[in-house]
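Observations on the model geometry
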Amino acid sequence: MSFNPDDFFSTTTVEDIVPKFPHLSELDYSIESLNDELVKVNYEITSPEYKDFLYSDIKDYYHFEVDTIV
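Below, the structure is looked at part by part.

Definitions and cut-offs
- Sequence order as written defines residue numbering, which begins from 1 separately in each chain.
- At least 70 in pLDDT is required for a residue's local features to be given in this predicted model, at least 80 for side-chain atom pairs to be given and counted, and no such filter applies to totals for whole chains, interfaces and linings, which use all residues.
- The side-chain figures draw on all heavy atoms in the structure; neither hydrogens nor water molecules are used.
- Here a cavity denotes grid points, spaced 1 Å and computed from the protein atoms alone, that fit a 1.4 Å probe unable to get out, and a pocket denotes an open set having protein on both sides within 12 Å along at least 5 of 7 lines; residues with an atom within 4 Å of a point are the lining.
- Grid points are joined across faces, edges and corners, and a volume is the space filled by probe spheres set on the points.
- A run of H or I in DSSP becomes a helix once it reaches four residues, and a run of E becomes a strand once it reaches two; helices and strands are each numbered from the N terminus.
- Just so you know the grouping, Ala, Val, Leu, Ile, Met, Phe, Trp, Tyr, Cys and Pro go in nonpolar, Asp, Glu, Lys and Arg go in charged, and all remaining residues, Gly too, go in polar.
- When two rings of Phe, Tyr or Trp (its six-membered ring) have centres within 6.5 Å they constitute a pair, described as stacked for plane angles under 30 degrees, edge-to-face for angles over 60, and tilted for the intermediate range.
- Throughout this description, buried means an accessible area under 20% of the type-specific maximum (1.4 Å probe, protein chains only), exposed means over 50%, and partly exposed covers the range between.

1. Things to note about the layout of surface pockets
Estimated volume of the largest pocket: approximately 170 Å³. In terms of lining residues, the largest pocket is bounded by F9, S10, T11, T12, Y43, T46, E65, V66, D67 and T68. The biggest single contributor to the lining of the largest pocket is strand 3 (residues 65-68), with four residues. Tallied by class, residues from the lining of the largest pocket come to three nonpolar, five polar and two charged.

2. Here we look at the packing of aromatic side chains
Think of a pair of aromatic rings as described by two things: how far the centres are apart, and how the planes are tilted against each other in angle. Considering all chains together, one arrives at six aromatic pairs under this definition. Where F21 meets Y43, the ring centres are 6.1 Å apart and the plane angle is 70 degrees; that geometry is what we call edge-to-face. Here Y43 lies in strand 2 (residues 43-45) and F21 lies in the loop between helix 1 (14-17) and helix 2 (34-40), a separation of 22 residues in the sequence. Since its relative accessible area comes to 18%, F21 is described here as buried. With a centroid separation of 5.6 Å and 85 degrees between ring planes, the pair formed by Y50 and F64 is classed as edge-to-face. Of this pair, Y50 sits in the loop between strand 2 and strand 3 while F64 sits in the loop between strand 2 and strand 3, and the two are 14 residues apart along the sequence. Judged by its relative accessible area of 14%, Y50 is buried. Put simply, the rings of Y29, Y50, Y55, Y61 and F64 touch in pairs and so form one group of aromatic residues.

Below you can see the structure in the form of structure tokens.
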């Protein structure tokens with residue numbers, strides 16, 4: 001069996017991490033920056049189409065990809 005680097009690639013989305021941080025569901029993202037809130041918990045949004053203050057409900061941001069900050 002040959003090594004396939006794609007076997008180790010996984011995509012994490014906002015939807016995946018919200019259960020770990022329930023306070024994220026309580027904020028209004030038309031006022032608060034979701035990315036700023038994620039940075040506080042060591043994540044950042046990596047999707048290029050993300051824009052701050054676009055939606056108020058976090059569920060509208062669920063499809064955006066995030067990565068951990070190390």
